[in-house]
Amino acid sequence: EVQRVAMREVSSRLYGLEQVGYFEGKAVALAEGALYANDPEFYKKQLLAYGRVTPATVKAAMQKWLTRPVYALRVEPGERQAYEEAKGSSGGAASQRPRYYRQPEPGEKPMAPLPFAAPAGEAQGAGPLSFQKIPMPEVGEISNLDFPDIERARLSNGIPIVYARRTAVPVVRVAVEFDAGVAADPANALGTQDLMLSLLEEGTTSRNSIRIAEEQERLGAAIEPETSLDRTAIVLAALTPNLGASLDLLADIIRNPAFEPGEVERLRAQQLSAIDQELTEPSGLGARVLPPLLFGANHPYGRPSSGSGDKAVVARLSRDDLVRFHQSWIRPDNATIFAVGDLPLAEVVPMLEARFGNWAPPAAPKGRKDFAAVPPAPRPRIVLVNRPQSPQSLILAGAVLPVRGTDDVLTLNAANEVLGGNFLSRINMDLRETKGWSYGSRSNIGMREQTVPYLINAPVQADKTGPAIRALMDQVSGFVTSKGLTGAELTRLINGNTRQLAGQFETSGAVLNALRSNALYKRPDNYWEAIADRYRGMTISTIDQAARKVIDPKNMVWVVVGDAAKVRPQLNGLGLPVEVVQPK
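This section reports on the structure supplied with the text. This is a predicted model, so every value here is computed, not measured. (Residues numbered from 1 in each chain as written. Predicted model: local features only at pLDDT ≥ 70, side-chain atom pairs only at ≥ 80, totals over all residues. Heavy atoms only, no water.)

1. A short note on the overall build of the chain
Next, step 1: From N to C terminus, the chain includes 21 helices and 14 strands.
Next, step 2: C-alpha atoms of the chain, sized along the principal axes, occupy 90 × 70 × 55 Å.
Next, step 3: Looking at the chain as a whole, 46% of its 584 residues qualify as buried.
Next, step 4: Considering only contacts in the chain between residues 6 or more positions apart, those separated by 24 or more positions represent 77%.
Next, step 5: Where the 66 positive side-chain charges of the chain centre and where its 64 negative ones centre are 3 Å apart. (Helix = DSSP H or I, 4+ residues; strand = E, 2+ residues; numbered from the N terminus. Buried < 20%, exposed > 50% of the residue type's maximum accessible area, 1.4 Å probe, protein only. Contact = heavy atoms within 4.5 Å. Lys, Arg positive; Asp, Glu negative; His and termini not counted. Charge placed at Lys NZ, Arg CZ, Asp CG, Glu CD.)

2. Structural notes on the sheet that holds strand β7 (residues 232–239)
Next, step 1: Read across the sheet, six strands follow the order β3-β4-β8-β5-β7-β6 without closing on themselves; strand pairing throughout is mixed. One side of each edge strand has no neighbouring strand; the edge strands of this open sheet are β3 (150–154) and β6 (222–227). On average, each strand axis in the sheet is inclined to that of its neighbour by 20°, with strand direction left out of account.
Next, step 2: Two elements, strand β5 (residues 171–178) and strand β8 (residues 335–341), share seven bridges in a ladder whose sense is antiparallel. Directly across from R173, in β8, lies its bridge partner V340.
Next, step 3: Against the sheet, helix α1 (residues 2–16) makes contact with β5 and β7, and its axis sits at roughly 105° relative to β7, the strand it touches most.
Next, step 4: Lying over the sheet, helix α12 (residues 345–356) contacts β3, β4 (160–165), β5 and β8, oriented at roughly 145° with respect to β4. (Pairing = 2+ DSSP bridges. Axes fitted to C-alpha atoms, helices over the stretch in contact; angles between N-to-C directions.)

3. A word on unusual backbone geometry
Next, step 1: Residue P69 is bonded to the preceding R68 through a cis peptide linkage, with omega at 0°.
Next, step 2: Positive phi, normally seen in glycine, also occurs at K522, with a value near 55°.
Next, step 3: With respect to the helices and strands, K522 occurs in the loop between α18 (508–520) and α19 (527–536).

4. Regarding the packing of helix α13 (residues 410–421) against helix α15 (residues 465–479)
Next, step 1: Running from N to C, α13 and α15 cross one another at 145°; their axes reach a closest spacing of 11 Å. Crossing hand, α13 versus α15: right-handed. On α15, the residues touching A415, V418 and L419 of α13 are Q475, V476 and F479. (Left-handed = near helix turned anticlockwise from the far one by under 90°.)

5. Remarks on the sheet that holds strand β10 (residues 392–404)
Next, step 1: Ordered by their spatial adjacency, six strands build an open sheet running β11-β12-β10-β13-β9-β14, and the pairing between neighbours is mixed. Both outer strands of the open sheet, β11 (442–445) and β14 (578–581), are each paired with one neighbouring strand and no more. Within this sheet the neighbouring strands show an average axis-to-axis angle of 15°, counted without direction.
Next, step 2: The pairing of strand β9 (residues 382–386) with β14 spans four bridges and is classified as parallel. Counted as the bridge partner of I382 is V578 from β14.

Scope: geometric values only; no functional claims are made or implied.
And the structure:
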């Protein structure tokens, strides 16, 4: 128990030190040491101290601190003065103005910045107070990203390895990825993959779920199944000195799941509860309604991306169904291993070979996703999902684009970034900042390996549902016709996307995800190194053209989850037929 807890603390610190900030990064580690121990490198002493902890020292600490008499500190606050509302300045919000310093008198100690801006119309330096605006610092020259070199190898059974070396911390991350995903679920058995995947960590033929959890803690490792519409992966984060034992555990979980009947029933109940929860939430309801409207119920993308599936199917899935799905999809001839770590590839390959090189495909045929189904012709309309007494409405919209994820969509994504892809986008600033109807609204190019949709997500207050849909229609229509990109938006787009690259890949996990997305979308190895120059080469014309070529607002289907009694009358006059449906 002591070893597991100590290793959990040590590994958490080491994983965190890959990044600069956040809650576990380098800056936090240095600041905590400086604050609490007057030593910025105190974290090193903490790590060594955890390595020396024994049951005896834990008991000694408990006997020192968890015995009577206790040390009790009581703080009695004094009388509090009455609260006064801060007085705003005339002519607008002071918080939106530049801050100024008061110029000190001769011989006077400089003062801190005053909590107000210079009054509107008052000349700086006039009167008893003079104000000096503090200029923003210049932005330095940002060089192009130096992405880690990508190396490749192959196991004796043919499994490809894609590797990048990062030496910041003694950590290795491995993703054993399979060409499966939610799209691999049988059309008549939605939810099969989700149940199968959730059971992998719940027991193998040689380890039960408790032993698996204990070994992960003892090794400082973390193993997580992941799934998207297109891919399924089991991802390992391991400390380099414990990599061999961590890979043993990973291989056992992937290759030898027990699917023990008791665990099947327990996880089945959890998945059924998750489906019930989805059916009570606007986002869950909308995610179940929109995909089949866009792609058709028989298309692999015409299903909710959560993967939780159909309740009736999940209730009847048998252990044999799960075993068959595992044999069809989780197999060596359907796998690629992606890894990022501080070791040379020549040391990593033998370790992977020892755990996966002798893995042979089962006799069952390999799974195949069928994308032959053609999405239905666009039929623009509003589908209103009745959710009585809902205080707000969730607006979703989408259209299938004549684009594949394996196409070059960088410029199209850039266009969407301005339209609805970030906080400062037109859609969000209009609905949130200008109108105040939404806490946050967005649009995105829904990246898929195959056909890609354009999607809008806008939760709004219920009494503004109709006007919000009209506003969204106007924003999209304007962007692809007469109100294209502006010069200021282009500058912000280029600066933001080039200057953030330096911090975008500070962790091995971020690099690992980039390796996987490069493979999924068939991008070149130098994709991320070349991306800054590609942004700098974009123009208003090329970005406008990318959006206008494929986004047609007249082809969009709208889904509204809200109180039909309040929302239905607001939809008149939008020029689209309205269908009211009940949640199911």
